[in-house]
Amino acid sequence: PKSIAASTGMDALTHAIEGYITAGHNTMADMFHMRAIELIFENLPAAVNNKDPKAIENMALAQYIAGMGFSNVGLGIVHSMAHQLGAVYDTPHGIANAILLPTVMRFNGEVSWERFRDILVRIGRPDAAYLNKQDVINTFVWKISELSKEVGITQRVGEVGAKYEDIEMLSEKAMEDPCMPGNPREVTKEDFMELYRQAW
C-alpha cells in the first residue's frame with residue numbers, strides 16, 4: 001500500500017542519512033549510505049505514486065545497502081526520538097522518522113553541514129558546493145521535506161496521537177535510547193524537548 005511504501009522508504013532514507021553523518025561513520029559505510037541516498041531520491045516517488053517496478057526494485061536495493069551501512073556505524077537521534085513515539089503511541093516507525101528527520105537535521109546541521117553539502121551535490125544540487133553553512137542546511141532540510149510531501153507524508157508529531165504533556169517523559173526516554181550516542185552533535189534532555197516541540 002502507498003502509505004507503507006512511503007513510510008518504509010523514508011525510514012530507509014533516515015537510515016542512510018543518519019548513518020552518513022553519525023559519529024562513527026567510516027569510508028566503507030559512507031559508500032553504502034551515499035548510494036542509498038541517491039537511489040531513494042531518484043526512485044521513491046515513482047515507487048510510491050506510480051508503482052513503477054524498476055523504482056520498487058531500486059528501493060529494495062537502497063534499503064538493503066543502507067542497512068549494510070548503518071549496521072556497522074550506528075544511527076542518531078531521529079531514531080532515539082522516533083522509537084519513543086512508536087513505543088508510547090504505536091506511531092508507525094517510518095512515519096515517526098519522516099516527521100522528525102527535517103527538524104533533527106536542522107539541529108545536526110550545525111556540525112554536519114559539510115556532509116549535507118556532499119549529499120546535496122550528489123542528489124542534483126551541484127551548486128551546493130558553493131553555498132554557505134546556513135544555505136546548505138536550509139536546502140537540505142527543504143529537499144527532505146519536499147520528498148516526504150511528494151509521497152504523502154505531511155503530518156507533525158502532534159497529529160499522530162502524541163500528547164504535548166508527555167514531551168518531558170519522551171525526552172527522558174530518548175536520552176536512554178541506544179542510538180543517542182551515535183549522534184554527531186551532543187544532545188541534552190532539554191534539546192530533545194525543544195526538538196519535539198519544533199516538530200509538533
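Before reading further, recall that the structure is shown in the block above.
Quick summary incoming for the structure in this document. This structure is a prediction, so every number in the text was calculated from the model and none was measured.

Moving on: helix α8 (residues 189-198). Considered for burial, the residues of α8 that qualify are Phe192, Met193, Leu195 and Tyr196. Across the axial projection of α8, the buried residues extend over an arc of 165 degrees, all falling on one side. Those residues of α8 that are buried lie in contact with α4 (77-89), α5 (93-122) and α7 (167-175).

Moving on: the nonpolar core. Met10, Leu13, Leu85 and Met105 are the most contacted members of the largest nonpolar core, which has 64 residues in total. Within the residue set of this core, elements represented by two or more residues are α1 (2-21), α2 (27-49), α3 (53-73), α4, α5, α6 (133-150), α7 and α8. If we ignore the near neighbours within four places in the chain, the residues touching methionine 105 are Ile17, Ile21, Val78, Phe116, Phe140, Val141 and Ile144.

This part is about the side chain of serine 80. Within the element layout of this structure, serine 80 appears in helix α4. Accessibility expressed as a relative area gives 0% for serine 80, which makes it buried. A polar contact is formed between the side chain of serine 80 and the side chain of aspartate 177, at a distance of 3.4 Å. Aside from chain neighbours lying at most four places away, what touches serine 80 is Ala174, Asp177, Cys179, Met180, Phe192 and Tyr196.

Glancing now at the packing of α4 against α8. The description of two helices packed together rests on the angle between their axes and the distance between the axes. It is at 12 Å that the axes of α4 and α8 come closest, and there the two elements cross at 70 degrees. Considered as vectors, α4 and α8 are oriented roughly perpendicular to each other. Residue-level contacts link Ile77, Ser80, Met81, Gln84 and Leu85 of α4 to Phe192, Leu195 and Tyr196 of α8. Here the contact of α4 with α8 is composed, by residue class, of six nonpolar, two polar and no charged.

Between α2 and α3, the shortest axis-to-axis distance is 8 Å and the interhelical angle comes to 150 degrees. Compared by their axis directions, α2 and α3 come out roughly antiparallel. Viewed along their axes, α2 and α3 form a crossing whose handedness is left-handed.

Let us now look at the side chain of threonine 14. Tracing the backbone through its elements, the reader meets threonine 14 in helix α1. A relative accessible area of 0% means that threonine 14 is categorised as buried. A distance of 2.8 Å separates a polar atom in the side chain of threonine 14 from the backbone oxygen of methionine 10. Once you skip the residues sitting within four places of it in the chain, threonine 14 turns out to touch Gly19, Val78, His79, Asn97 and Leu101.

One non-glycine residue, lysine 51, lies in positive phi territory at about 50 degrees. Structurally, lysine 51 can be placed in the loop between α2 and α3. For lysine 51, a relative accessible area of 41% translates into the label partly exposed.

Applying the stated criterion to the full structure yields two aromatic pairs. Each ring, one from tyrosine 164 and one from tryptophan 200, has its centre 5.1 Å from the other, and the planes form 90 degrees; the classification is edge-to-face. One end of the pair, tyrosine 164, is in the loop between α6 and α7; the other, tryptophan 200, is in the segment after α8, with 36 residues separating them in the sequence. Take tryptophan 200: its relative accessible area is 23%, and that puts it in the partly exposed class. Here arginine 115 stacks its cationic end above the ring of tyrosine 20, 3.9 Å away from the centre of that ring. Taking NZ or CZ as reference, arginine 185 lies 3.9 Å from the ring centre of phenylalanine 107, over its face.

About the criteria used
Residues numbered from 1 in each chain as written. Predicted model: local features only at pLDDT ≥ 70, side-chain atom pairs only at ≥ 80, totals over all residues. Heavy atoms only, no water. Buried < 20%, exposed > 50% of the residue type's maximum accessible area, 1.4 Å probe, protein only. Helix = DSSP H or I, 4+ residues; strand = E, 2+ residues; numbered from the N terminus. Arc of directions from axis to C-beta. Contact = heavy atoms within 4.5 Å. Core = buried A, V, L, I, M, F, W, Y, C linked by side-chain atoms within 4.5 Å. Polar contact = N/O pair within 3.5 Å; in protein donor to acceptor, adjacent residues only side chain to side chain. Axes fitted to C-alpha atoms, helices over the stretch in contact; angles between N-to-C directions. Parallel < 35°, antiparallel > 145°, perpendicular 65-115°, else oblique. Nonpolar A, V, L, I, M, F, W, Y, C, P; charged D, E, K, R; others polar. Left-handed = near helix turned anticlockwise from the far one by under 90°. Phe/Tyr/Trp six-rings, centres within 6.5 Å; stacked < 30°, edge-to-face > 60°. Lys NZ or Arg CZ within 6 Å of the ring centre and 35° of its normal.

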